[in-house]
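So the chains spell out like this:
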Amino acid sequence: MQIFLAVTPDKQRTASQYTDRLAHVAYQVGREGHLTRQALLARTFGGLMVLGDRDWDAVRDTAQLCREVWRECGNRNYCGVAADFEQPPSPDRVSFLEALGRVLARNRKQLFVPEEYGRRVASAQVLVCTALSGGSLRQRLEEAGQAFGQKRLALDLQRLRMSFPLPCPSGEGKALSGEELEEMMAQRQPSVFYSGDLCAKYFTSTQEGESRFVLFDDAGTLRRKMQLGRELGVTTGLLMYPEVEDILPELFGRR
């Protein structure tokens, strides 16, 4: 399985000590509908372009934006584009991604899209989040494969760190930072268990009369999720540098 590490330009040198499969978080669709780019290292070459839509108003010229993205992919020899779109699907976003997917496919490059775009952009690989708080990850991936086609799946390997009150009828938990999780474990020294269904570790803890259930990923659980993906025929995964900075040696080793 190819694992890409999504990284901003300021962390690129550090990340490249572990892998040359970088996904460059440096591109946005600007307010005028054109491609914008942060300052990249001059030698940036290969990997994926990560394209965001935070500043996007509307695409006025889909063909022009596709040309701009394709030109950048050619200049940097990117093997594809990951659409890090935070906004819900809209007609202009879908039209752009459909057109970009066709351009990339003709040139043997890949487009990766969030799951909510999967049914709308048939030529794209669909990023399925592996951070589950319930159910079964295997079943989740199998169902996604039935919905989109197994060969279209890619793993969005978000690192799980969540705390839930017990009982938790809403099913909604609180996201924990790495520091918060480390502090909780140091103070409470809980017994940690592994969930084979979730491919995640967990523990329960009671303090001042409040009981909590904590789910989290480490290098071992992320590797298990990659292994499960391979078993199901998934060929690509994406990790986020800030989430795994502390476990990069365990995930990749040094180059």
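My aim in this report is to walk through the structure given alongside it, one point at a time. (Residues numbered from 1 in each chain as written. Predicted model: local features only at pLDDT ≥ 70, side-chain atom pairs only at ≥ 80, totals over all residues. Heavy atoms only, no water.)

### Focus on the overall build of the protein chain
Then, in step 1: Along its length, the protein chain carries eight helices and 14 strands.
Then, in step 2: Taking 255 residues into account, the globule formula puts the C-alpha radius of gyration at 18 Å, and the protein chain, at 19 Å, falls close to it.
Then, in step 3: Expressed along its principal axes, the backbone C-alpha trace of the protein chain runs to roughly 60 × 40 × 35 Å.
Then, in step 4: Burial status across the protein chain gives 48% buried among its 255 residues.
Then, in step 5: Put simply, 65% of the contacts in the protein chain that link residues at least 6 apart link residues at least 24 apart.
Then, in step 6: Summed over all atoms, the accessible surface of the protein chain reaches about 12,800 Å², with 45% contributed by carbon and sulfur.
Then, in step 7: Treating the 34 positive side-chain charges of the protein chain as one cloud and the 33 negative ones as another, the clouds have centres 8 Å apart. (Helix = DSSP H or I, 4+ residues; strand = E, 2+ residues; numbered from the N terminus. Rg over C-alpha atoms; globule rule 2.2 N^0.38 Å. Buried < 20%, exposed > 50% of the residue type's maximum accessible area, 1.4 Å probe, protein only. Contact = heavy atoms within 4.5 Å. Areas by Shrake-Rupley, 256 points an atom, 1.4 Å probe, with all protein chains shown as cover. Lys, Arg positive; Asp, Glu negative; His and termini not counted. Charge placed at Lys NZ, Arg CZ, Asp CG, Glu CD.)

### What about helix 5 (residues 178-188)?
Then, in step 1: Looking at helix 5, one finds that the buried residues are Gly 178, Leu 181 and Met 184. On an axial view of helix 5, the arc spanned by its buried residues comes to 135°, and they lie on one face. For helix 5, exposure combined with an orientation more than 90 degrees from the buried face picks out Glu 179, Glu 182, Ala 186 and Gln 187.
Then, in step 2: Positive backbone phi, approximately 45°, marks Gln 189, located one or two places after helix 5. (Arc of directions from axis to C-beta.)

### What to know about the nonpolar core
One recurring pattern in soluble globular proteins is that nonpolar side chains are buried together.
Then, in step 1: Counting residues in each nonpolar core, the largest one holds 34 residues, and the members touching the most others are Leu 5, Leu 141, Leu 222, Met 226, Leu 239, Val 244 and Leu 251.
Then, in step 2: If near-sequence neighbours (up to four positions away) are discounted, Leu 141 is found in contact with Val 128, Gln 150, Leu 153, Leu 155, Leu 228 and Leu 232.
Then, in step 3: Residues Ala 83, Phe 85, Leu 97 and Val 113 belong to the second largest nonpolar core, which totals 28 residues. (Core = buried A, V, L, I, M, F, W, Y, C linked by side-chain atoms within 4.5 Å.)

### Thoughts on the side chain of Lys 225
Then, in step 1: Tracing the sequence through the fold places Lys 225 in helix 6 (residues 219-231).
Then, in step 2: Overall, the relative accessible area of 1% leaves Lys 225 in the buried class.
Then, in step 3: Side chain to side chain, Lys 225 and Asp 217 meet in a polar contact 2.9 Å long.
Then, in step 4: Among residues more than four places away in sequence, those in contact with Lys 225 are Thr 130, Ala 131, Leu 137, Leu 155, Leu 157, Leu 198, Cys 199 and Asp 217. (Polar contact = N/O pair within 3.5 Å; in protein donor to acceptor, adjacent residues only side chain to side chain.)

### Some thoughts on the packing of helix 2 (residues 62-76) against helix 3 (residues 91-106)
Then, in step 1: The N-to-C vectors of helix 2 and helix 3 enclose an angle of 45°; their axes lie 10 Å apart at closest approach. With respect to helix 3, the element helix 2 is oriented oblique. Crossing handedness for the pair helix 2 and helix 3: right-handed. Contacts between helix 2 and helix 3 pair Thr 62, Leu 65, Cys 66, Val 69, Trp 70 and Cys 73 from the former with Ser 95, Phe 96, Ala 99, Leu 100, Val 103 and Leu 104 from the latter.
Then, in step 2: Within the contact of helix 2 with helix 3, the residues separate by chemical class into ten nonpolar, two polar and no charged. (Axes fitted to C-alpha atoms, helices over the stretch in contact; angles between N-to-C directions. Parallel < 35°, antiparallel > 145°, perpendicular 65-115°, else oblique. Left-handed = near helix turned anticlockwise from the far one by under 90°. Nonpolar A, V, L, I, M, F, W, Y, C, P; charged D, E, K, R; others polar.)

### Considering the packing of helix 4 (residues 137-148) against helix 6
Relative placement of two packed helices is described by the angle separating their axes and the distance separating the axes.
Then, in step 1: Running from amino to carboxyl end, helix 4 crosses helix 6 at an angle of 40°, the nearest separation of the two axes being 11 Å. As far as their axial angle goes, helix 6 and helix 4 are oblique. The two elements helix 4 and helix 6 meet at a crossing, and its hand is right-handed. Across the interface between the two elements, Leu 137, Arg 138 and Leu 141 of helix 4 pack against Arg 224, Lys 225, Leu 228 and Glu 231 of helix 6.
Then, in step 2: Residue composition of the contact of helix 4 with helix 6, grouped by class: three nonpolar, no polar and four charged.

### Some details on the pairing of strand 4 (residues 48-52)
Then, in step 1: For strand 4, a buried count of five out of five residues is recorded, marking the element as mostly surrounded by other parts of the structure.
Then, in step 2: Of the pairings in the sheet, the one linking strand 2 (residues 22-29) to strand 4 comprises five bridges and is parallel in character. Within strand 4, the position partnered with Gln 28 by the bridge is Gly 52.
Then, in step 3: Bridge analysis of strand 4 against strand 5 (residues 80-84) gives five bridges, and the strand direction is parallel. When the bridges of strand 5 are listed, Leu 51 appears paired with Ala 83.
Then, in step 4: Assessed by its sense of winding, the connection that carries the chain from strand 4 through helix 2 to strand 5 is right-handed. (Pairing = 2+ DSSP bridges. Right-handed = clockwise from strand over helix to strand, strands pointing away.)

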